[in-house]
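Secondary and tertiary structure notes
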Amino acid sequence: MNATLTRRAFLKASSIVGGGFALGLPSVGLAEGVSLVGSAELNAYVQVRGDGKIIIFSGSPEMGQGIKTSLPMIVAEEMGADWDDVIVKQTPEIDTERYGQQWTGGSFTIYLNWNLMREMGASAADMFLSAAAIAMERPKSELRAIDSRVVHIHSQESRTFAELAGLAYQQPIPNKDDLVFKDREDYRILGTSVSQVDSLEIVTGIGDFGIDTQVQDMLYGSYEKCPAVGGQIVNANIDDIKKLPGITDAWIVKGNGNVKELMDGVGIVGTDTWSVFKARRALNIQWDETEASKDSWSSFVAFADGVGNTGKEVSIDNGDVDTAFSDPNNTILDSLYEYPYLTHMCLEPMNCTAHFRPGPEGKDHLEVWIPTQSGPRFQKMALDRYGLEKDQLTIHIKRMGGSFGRRTSDESAIEAIELSQRSGKPVKLTWTREDNIRYDFLRQGGFNRIRGAVDPKGKVLAIEEHAIGVESGGEPSRFNGPNPTAFPFSTMGNVRGSATNYRMDTPVGPWRAPYSNTHAFVSQAFIHELATAGNRDHVALLIEMMGKPRWLDDGNWRAMNTARAVGVIKLAAEKGGWGREMPEGKGLGFSFYFCHAAHVAELAEVSVSKSGFVTLHRVTAAVDVGPIINRSGAISQVQGSIIDGYSAMAGQKITMENGRVEQTNLDRYPVLRIDQAPEVDVHFIESDYDPTGLGEPGLPPLAPAVANAIFAATGRRVYKMPLIDEGFSV
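How each quantity is defined
Residues numbered from 1 in each chain as written. Predicted model: local features only at pLDDT ≥ 70, side-chain atom pairs only at ≥ 80, totals over all residues. Heavy atoms only, no water. Helix = DSSP H or I, 4+ residues; strand = E, 2+ residues; numbered from the N terminus. Buried < 20%, exposed > 50% of the residue type's maximum accessible area, 1.4 Å probe, protein only. Contact = heavy atoms within 4.5 Å. Core = buried A, V, L, I, M, F, W, Y, C linked by side-chain atoms within 4.5 Å. Pairing = 2+ DSSP bridges. Axes fitted to C-alpha atoms, helices over the stretch in contact; angles between N-to-C directions. Right-handed = clockwise from strand over helix to strand, strands pointing away.

Along the chain, Val682 falls in strand S29 (residues 679–684). Classification of Val682 by relative accessible area gives buried; the value is 14%. It is 54 Å that separates the C-alpha atoms of Val682 and Ile241, two residues lying 441 residues apart in sequence. Aside from chain neighbours lying at most four places away, what touches Val682 is Ala621, Ile635, Val638 and Gln639.

So, in structure tokens, the structure goes:
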């Protein structure tokens, strides 16, 4: 591969910008076949203005995880920029050929972009060094990019990036293989605490969230669907609704039966949000619920109570489980754990503003202002459903007021588009809080019957898990267990995992740390049961169960490394004071879990009054996700995960009867108050691996740590969430 681009290719990749230069990704189809850094997945580019300001674009949507700050920090570090000179902007369009995969989720964004962002920054630095070598008549090897300047290391002579920008753009773009990256000890930005780039706008109320969108001539929309999923509309009092104050129009809308797209309903548009919300209360709709959901949580509970140790579908069967369970010398434990459905409870309700403009010869155009985790997914939907090519779309990605996995489907956007098509106007559609819960893709509820064998010396010989999950239309949920890569399946020789599914048509979807957020509770609380039965120290048993130090799948960043696991277990135990004597009514609980490429251990300190009132005083977390990008952001993510996990564990539960969700607002679905939140002490092991994300992995270990602490304080096991279902109060 040629080390440099031709000038024709370079001009495709860069452009003079007001006396400065812009550094970007050439088109994937570039004839010369050489990109800026040898990758078609780069999702950001750099502009250096003539006044010295450095614009760094972030291609991944921001939903509170701090990625809009973290990714540009990586670029700025390798570029040698002064962070005070950096202006961060969201990429102005959805163009995966230019910016790469513009989506976020699964705590993958940092890992997937780490090397790409380093290459982007290092490429920019190299071009400035080449320019400075010419301008200063110094050897390039004696120059360094530091604080938005190029400095000669011997004489300290320097030039600013602004002074060099005009010349820098003329330099050849370096080959990826020739790039030189900083050593970690030389970092000046990475690993420090940097305020989120949008913090001031958010706290002053001018943040650019989807719900803040204002468009000229915009109408306000709302959409009523059947409270039981799958119900079909027969009739509605549309004429009465049209006569109400502030209402512009209303329609019966027939959907396609796909809960991720458009269900039957009534669409209403008007002059303000309150008017359309109020009009919905006046609706009188006749639904045909013949094919609608008949889901019943109480029936699901009764079904699970009658299920045995081994399910119909055995997917994991390693070693000799039966011998361990049949040996009379071993202690056998058998427990049933329960976890409920949960809603995402995003602070910002689902919303979208859409303007559908019919065009000549079917060349329609759609413009949307949408808070979404994936702009490219929306592009695909627009093509599949409306036949709109990319050049017929204008997509404005808005900041999300929380997501936690919720904003991965397009039903609210499609509802907005449908109302815009019918009204001929831009329509801002907003869901109510009740809509957000009733029509959510919930965290899947379920059960796990788990048993284990412990020998007379306290060694865990075998574990069997029977996951009781759900299916809809004959299709098992993708969030059902068991998962052979999850701990302790991944480290033990004698394990069996099976599944039995129960029909539940209520839609489910990813919820902060999918699968792990329930399996951690089950497996790690049960390991504590085994430790108690074997008269073993819980932390010592966890370390023993890890076996020899090894990467379970060498080189696979999503596989557990037992040495890193032991590292965080020991650190959390040390920092949290594991093993110290606790007064009556107080207890310490420990837990470890690996998910989303993160090794996390947590120690919880609780007190329980004689009346059963639980207070979570402190959580000590030890985390290994490799080098930390933004320290304050990383701490906030772990703290937020822990508090979110405790809020869910304490009192949150969604039930349904006759296909209808029974809890539809905060009066029956409590969120943790600030005076109930624990102190959270976060410690990082910055191991020498590529960094991974922190939006999710801090949550799963919380519930079992608290459950184990409650047992230490009271002698009572916690077998179900929320705690209020076990007779506790918070």
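What follows continues from the structure just given.
A few words on the environment of Ala563. Checked against the element boundaries, Ala563 lands in helix H16 (residues 562–576). In this structure the C-alpha to C-alpha distance between Ala563 and Val454, which are 109 residues apart in sequence, comes to 24 Å. Contact partners of Ala563, with chain neighbours within four places excluded, come to Pro549 and Arg550.

Once that is clear, we can look at the nonpolar core. Within the largest apolar cluster, 73 residues are counted, with the highest numbers of intra-cluster contacts made by Phe590, Phe592, Val706 and Ile710. The element that contributes the greatest number of residues to this core is helix H18 (residues 702–714), accounting for 8 residues. In contact with Val706, not counting residues within four places along its chain, are Ala604, Val606, Leu616, Tyr646 and Met649. Ranked by size, the runner-up nonpolar core spans 44 residues in total, among them Met79, Leu129, Ala145 and Val194.

Once that is clear, we can look at the sheet that holds strand S25 (residues 598–608). Judged by pairing direction, the sheet is mixed, and its 4 strands sit side by side in the order S24-S25-S26-S29 without closing on themselves. If you trace the sheet from one side to the other, it starts and ends with strand S24 (586–595) and S29, each paired once. On average, each strand axis in the sheet is tilted by 15° relative to the strand beside it, whichever way the strands run. Taken together, the 6 bridges between strand S26 (residues 614–624) and S29 define a ladder with parallel strand orientation. Its bridge partner being in S29, Val623 is matched across the sheet by Phe684. Against the sheet, helix H17 (residues 631–651) engages S25, S26 and S29, with an angle of about 135° to S29.

Here strand S18 (residues 393–397) shows a clear split, with Leu393, Ile395 and Ile397 buried on one side and none of Thr394 and His396 buried on the other. On the question of chirality, the crossover connecting strand S17 (residues 365–370) to the parallel S18 by way of helix H11 (residues 375–386) is right-handed.

Glancing now at the side chain of Gln637. Mapped onto the fold, Gln637 is located in helix H17. Residue class for Gln637 comes out buried when judged on its relative accessible area of 12%. Residues contacting Gln637, with those up to four places away along its chain left out, are Gly64, Gln65, Arg512, Leu694 and Gly695.

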